[in-house]
Amino acid sequence: MAKRRLSDQQKRRISTQQKNKIEDDNLQLDEANTLTARVISHHGRQLFAETEKQEKIKCKIRQNLGDIACGDYVIVQQAPDMAGEAQNVVIAVKERTNLLVKSGFAGTTKPVAANIGQLVIVTAIKPKPNPYLIDRYLTAAENLPAEALIVINKADLLDHKTKKVVDDLTELYQGIGYRVITSSIKQNIAVEELEDALSNTTSILVGLSGVGKSSIVKAILPKETIRIGETSESTGEGKHTTTVSALYHLKCNGIIIDSPGVRDFTPINNSVEEITHGFIDVRKFNGACKFTNCSHTNEPDCAMKQAVDEGNLNKQRFNNYLRLVEEFNQQQNQSVFI
């Protein structure tokens, strides 16, 4: 069999990989010269981190450390490179309290942020709020675990029709036990309330592109250089403005991570039990059905369906729960045949 010839692009990529490996192998690491820093942004084979004195440093990443996410605490050593110049090298990732991930290509997972105290779910009047997307984020928050805050942004676009949508969403999620804030950056509505809600914890803003995540960060941190996009007139969806997660400091010991906007988000659930745990109103009725293997669809004496009929469980939330369980089961069945 003839030997396959490499393209010029493949040769360059292999050469770069070999060069990087040689550089890693020639690093002279000093075990005594270490410090702990927190990742504030990650770009390929290098990242920017912040020391305990809030000094920003650029770091090279040692090989075979696995995925590193914004918000990770890492061990950094200063070591000379082949030319004898000092450089910071990440040699280890400290244990995480939690890690938010999203689904990637071909069933892979992609880290979004680590060590999160609060998931801030940002929706808006435009693009129209999507309760199913909100519930998926809430499921992720419950299973991290982390506190959850729902922000309905762009209140300046409210009219009679959209006001009812906002009122219904607010009543639903506040009734479950979640905090809901309606805001407008253009009209400076609830900006101080948002800032207060982000204090004394590490929060990450998640949501579709165009809902105003970066605008919120810019309003709270006017001195930071943050790109702000617009909503596409043709699709009604947002244009991506944040390409990598970035970490910012707020007043009152608050830290915020601005994540790349996503068109869709699928929490990585490992079981139906995790999905059930993610719905705090649904899980109250779990185990109370007549049949232990109740699917909560067609079986008699289902405690969840009875709760919906009696007004003790919101029908929309229950349907979203069933939808997420169905999607999980379909994925499990598909994986059997792969």
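Below: a short report on this structure.

Rules used throughout
- Residues numbered from 1 in each chain as written.
- Predicted model: local features only at pLDDT ≥ 70, side-chain atom pairs only at ≥ 80, totals over all residues.
- Heavy atoms only, no water.
- 1 Å grid on protein atoms, 1.4 Å probe; cavity = no way out; pocket = protein on both sides within 12 Å on 5 of 7 lines; lining within 4 Å.
- Points joined across faces, edges and corners; volume = space filled by probe spheres on them.
- Helix = DSSP H or I, 4+ residues; strand = E, 2+ residues; numbered from the N terminus.
- Nonpolar A, V, L, I, M, F, W, Y, C, P; charged D, E, K, R; others polar.
- Polar contact = N/O pair within 3.5 Å; in protein donor to acceptor, adjacent residues only side chain to side chain.
- Contact = heavy atoms within 4.5 Å.
- Phe/Tyr/Trp six-rings, centres within 6.5 Å; stacked < 30°, edge-to-face > 60°.
- Buried < 20%, exposed > 50% of the residue type's maximum accessible area, 1.4 Å probe, protein only.
- Lys NZ or Arg CZ within 6 Å of the ring centre and 35° of its normal.
- Expected span 1.5 Å × (residues − 1).

**With respect to empty space enclosed by the protein**
The tally for this structure, following the rule as stated, stands at two cavities of 30 Å³ or more. In this structure, the largest cavity encloses a volume near 90 Å³. Val122, Thr123, Asn130, Leu133 and Leu208 are, among the 13 residues lining the largest cavity, the residues nearest its centre. Of all the elements in the fold, those that place two or more residues in the lining of the largest cavity are β8 (118-124) and α2 (131-143). Residue classes in the lining of the largest cavity are distributed as nine nonpolar, three polar and one charged. When its volume is computed, the second largest cavity comes out at roughly 30 Å³. For the lining of the second largest cavity, the residue count by class is seven nonpolar, no polar and no charged.

**Some words on the side chain of His296**
Here His296 shows up in the loop between α6 (272-278) and α7 (303-309). A distance of 3.4 Å separates a polar atom in the side chain of His296 from the backbone oxygen of Cys294. Residues within four places of His296 in sequence aside, it is in contact with Cys289, Cys302, Met304, Lys305, Phe318, Tyr321 and Leu322.

**What about the side chain of Thr51?**
In this structure, Thr51 sits in strand β2 (residues 46-51). With sequence-adjacent residues up to four places away left out, Thr51 is seen in contact with Leu35, Thr36, Ala37 and Ile57.

**Remarks on the packing of aromatic side chains**
Here the structure, examined in full by the defined rule, presents one aromatic pair. Relative to Tyr321, the ring of Phe279 has its centre 5.5 Å away and its plane inclined at 70°; by these criteria the two rings are edge-to-face. Of this pair, Phe279 sits in the loop between α6 and α7 while Tyr321 sits in helix α8 (residues 315-336), placing them 42 residues apart in sequence. Comparing Phe279 with Tyr321 shows no difference in burial state: the two are buried. Directly above the ring of Tyr132 sits Arg323, whose terminal nitrogen or CZ lies 3.7 Å from the centroid.

**Things to note about α2**
Note on helix geometry: an α-helix contains 3.6 residues per turn, so any two residues three or four positions apart are oriented the same way. Spanning 13 residues, α2 covers 18 Å between terminal C-alpha atoms, matching the ideal 18 Å at 1.5 Å per step. Along α2, 12 of the 13 residues are buried, which leaves the element largely enclosed by surrounding structure. By the burial criterion, the buried members of α2 are Pro131, Tyr132, Leu133, Ile134, Asp135, Arg136, Tyr137, Leu138, Thr139, Ala140, Ala141 and Glu142.

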